[in-house]
Amino acid sequence: NTRERYVPLLHLGENQAQFCVYNSLLSEAAVLGFDYGYSLDYPKMLAIWEAQFGDFCNGAQVIIDQFIASSESKWQRVSGLVMLLPHGYEGMGPEHSSARLERFLQLCAEKNIQVANLTTPAQYFHILRRQMKRSFRKPLIIMAPKSLLRSKDAVSSVDEFTSGTFLSIVDDPKTPTDAERLILCSGKIYYDLAHHRESMGAEDKAAILRIEQLYPLNTKFLKELLAKYSKIKEVIWCQEEPKNMGAWKAIEERIERTVEMRPRFVGRKPSASTAVGSLVIHKIEQESILKQAFEGLVD
């Protein structure tokens, strides 16, 4: 009636925090640098820098290298800045597929940053809540596949929001304790793997675990989850990214030490480009990855 602007998130309750959304100019280094500085001066505000597409962080790389990943080590300056980067192979071409997960993992040391690749709305909610409830501040990098915004599989119950907590690793909901193959993955490819396993009738032959937080990797929790899968004979790391990208190089050795078994890589072959430019070729590659992950399990 009045054309007055109304933002529901500003009317949740009395004495609530301020909620602000800004469209920024297309100078990634400038805006990320500003938001990083904002997170230093206002540590009680949850500052989130969201890229329209994951590759936009290329233009902000100098801020990531010089400040976000290293400022605590160099200057003892801590930041709780969140970087939300769309990342997932949807067949949309090289510039709209990869947020360069491997670059962030290469920067990880001394528990300097957190790197996550989430699969449910509740996980997203709880990791943001944890970011503010903790007694310390660390930058948080979130890989966020756009297709999961529309996916009927990527849903959470009300109870998972109100009573749940953030899980750095998510166990297989099917809990196939007699499984002989363990598939470790991260992000949206979990849903592709789960559907393919169901279509093959291999639900009792392979367990699929999701690594939601890639760094720091909770190896103790991973060991606890693996205790129920005593019949595992083979471990696979499955990812959508080419072999020279994604989490493989950073996580291979840690998996081997934790499960005491050398993991086998399943994913795209090494590539100079983050992804192909053809939707048809993308679908062929994706189908090949799924077949390789379950190869030999069903006659």
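No experiment lies behind these values; they were computed from the predicted model shown.

(A) Structural detail: the side chain of Thr119. Assignment of secondary structure puts Thr119 in the loop between strand E3 (114–117) and helix H5 (121–133). In terms of polar contacts, Thr119 uses its side chain to reach the side chain of Arg210, at 3.1 Å. Not counting the four nearest positions on each side in its chain, Thr119 is found in contact with Leu148, Ala154, Gly187, Lys188, Tyr191, Arg210 and Glu212.

(B) Up close: empty space enclosed by the protein. Tallying each qualifying case throughout the model produces 2 cavities of 30 Å³ or more. Computed from the structure, the largest cavity encloses a volume of approximately 110 Å³. If you go around the largest cavity, you meet 15 residues; those closest to its centre are His87, Asn117, Ser186, Gly187 and Glu241. Of all the elements, strand E9 (residues 234–242) adds the most residues to the lining of the largest cavity, at 5 residues. Split into classes, the residues belonging to the lining of the largest cavity amount to 6 nonpolar, 6 polar and 3 charged. Space inside the second largest cavity adds up to approximately 40 Å³.

(C) The sheet that holds strand E10 (residues 264–268), seen in detail. Pairing is mixed across the open sheet formed by 5 strands, whose spatial order is E5-E7-E6-E9-E10. Sheet topology places strand E5 (169–170) and E10 at the edges, where each strand pairs with a single neighbour. Summarising the sheet, E5 and strand E7 (residues 206–211) pair through 2 bridges and their orientation is antiparallel. Looking at E7, one finds that Ile169 is bridged to Ile211.

(D) Spotlight on a nonpolar patch on the surface. Together, Leu9, Leu10, Leu12, Phe19 and Val21 line one region of the surface with nonpolar side chains, adding up to about 470 Å² of accessible area. Note that Phe19 resides in the segment before helix H1 (28–41).

(E) Representation of the packing of aromatic side chains. Taken as a whole, this structure holds 7 aromatic pairs when the rule is applied. When the ring of Phe34 is compared with that of Tyr38, the centres are 5.8 Å apart and the planes differ by 45°; the resulting orientation is tilted. Of this pair, Phe34 and Tyr38 both sit in helix H1, 4 residues apart, which is roughly one turn of that helix. Note on Phe34: relative accessible area 54%, which makes it exposed. Judged by centre distance (4.9 Å) and plane angle (25°), the ring pair of Tyr38 and Tyr42 falls under stacked. Between Arg210 and the ring centre of Tyr190, over which it is positioned, the NZ or CZ distance is 3.8 Å.

Cut-offs used in this document
Residues numbered from 1 in each chain as written. Predicted model: local features only at pLDDT ≥ 70, side-chain atom pairs only at ≥ 80, totals over all residues. Heavy atoms only, no water. Helix = DSSP H or I, 4+ residues; strand = E, 2+ residues; numbered from the N terminus. Polar contact = N/O pair within 3.5 Å; in protein donor to acceptor, adjacent residues only side chain to side chain. Contact = heavy atoms within 4.5 Å. 1 Å grid on protein atoms, 1.4 Å probe; cavity = no way out; pocket = protein on both sides within 12 Å on 5 of 7 lines; lining within 4 Å. Points joined across faces, edges and corners; volume = space filled by probe spheres on them. Nonpolar A, V, L, I, M, F, W, Y, C, P; charged D, E, K, R; others polar. Pairing = 2+ DSSP bridges. Patch = residues over 30% accessible without salt bridge, like charges linked within 9 Å, V, L, I, M, F, W, Y side chains within 5 Å. Areas by Shrake-Rupley, 256 points an atom, 1.4 Å probe, with all protein chains shown as cover. Salt bridge = Lys/Arg side-chain N within 4 Å of Asp/Glu carboxyl O. Phe/Tyr/Trp six-rings, centres within 6.5 Å; stacked < 30°, edge-to-face > 60°. Buried < 20%, exposed > 50% of the residue type's maximum accessible area, 1.4 Å probe, protein only. Lys NZ or Arg CZ within 6 Å of the ring centre and 35° of its normal.

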